[in-house]
Amino acid sequence: MAYVVTAPCNGCKYTDCVVVCPCDCFHEGDQMLYIDPEECIDCDACRAECPVDAIFYEDDVPEQWQDYIQLNAEMVSQTPSITEKKTPLK
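What you see is a predicted model; the values in this text were computed from it and never measured.

1. Some remarks on the overall build of the chain
Piece 1. Of regular secondary structure, the chain possesses 3 helices and 4 strands.
Piece 2. Mapped in sequence order, the helices and strands of the chain form the string β-α-β-β-α-β-α.
Piece 3. At 11 Å, the chain has a C-alpha radius of gyration in line with the 12 Å of a compact globule built from 90 residues.
Piece 4. C-alpha atoms of the chain, sized along the principal axes, occupy 30 × 25 × 25 Å.

The following block contains the structure:
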């Protein structure tokens, strides 16, 4: 299991979560961040840092955002890794 970035991140792209991740599992897309489910160690550090409450444990992703589980897994191979804080989109 892993943590998943969901809809509230889309268009915001805060990176507070990125800097607390001990395993560098975040990837940066044009409009949002993604978590690599193969690298995530379920430490829960990122979830508390997200100012828009976009990160959920995979088993706790709300029904309307279930597609984001697969989206995160797919997008990590298409987007670069991010390990430093950047200015958010909003």
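2. With respect to the nonpolar core
Piece 1. Core analysis: the largest hydrophobic core is formed by 26 residues, its most contacted members being Val5, Cys17, Phe26, Leu33, Ile35, Cys46 and Ile55.
Piece 2. Here Cys46 is in contact with Tyr3, Cys17, Val20, Phe26, Ile35 and Ile55, once residues within four sequence places are set aside.

3. Here's the deal with the packing of aromatic side chains
Piece 1. Under the defined criterion, the tally for this structure stands at 2 aromatic pairs.
Piece 2. Ring geometry for Tyr3 against Tyr57: centres 5.3 Å apart, planes inclined by 65 degrees, an arrangement best described as edge-to-face. One end of the pair, Tyr3, is in strand 1 (residues 3-5); the other, Tyr57, is in strand 4 (residues 55-57), and 54 residues separate them in sequence.
Piece 3. A residue is classified by how much of its surface remains accessible, and Tyr3, at 8% relative accessible area, is buried.
Piece 4. Taking relative accessible area as the criterion, Tyr57 reaches 23% and is therefore assigned partly exposed.
Piece 5. Each ring, one from Phe56 and one from Trp65, has its centre 5.9 Å from the other, and the planes form 50 degrees; the classification is tilted. In terms of burial, Phe56 and Trp65 fall into one category: buried.

Rules and cut-offs
Residues numbered from 1 in each chain as written. Predicted model: local features only at pLDDT ≥ 70, side-chain atom pairs only at ≥ 80, totals over all residues. Heavy atoms only, no water. Helix = DSSP H or I, 4+ residues; strand = E, 2+ residues; numbered from the N terminus. Rg over C-alpha atoms; globule rule 2.2 N^0.38 Å. Core = buried A, V, L, I, M, F, W, Y, C linked by side-chain atoms within 4.5 Å. Buried < 20%, exposed > 50% of the residue type's maximum accessible area, 1.4 Å probe, protein only. Contact = heavy atoms within 4.5 Å. Phe/Tyr/Trp six-rings, centres within 6.5 Å; stacked < 30°, edge-to-face > 60°.

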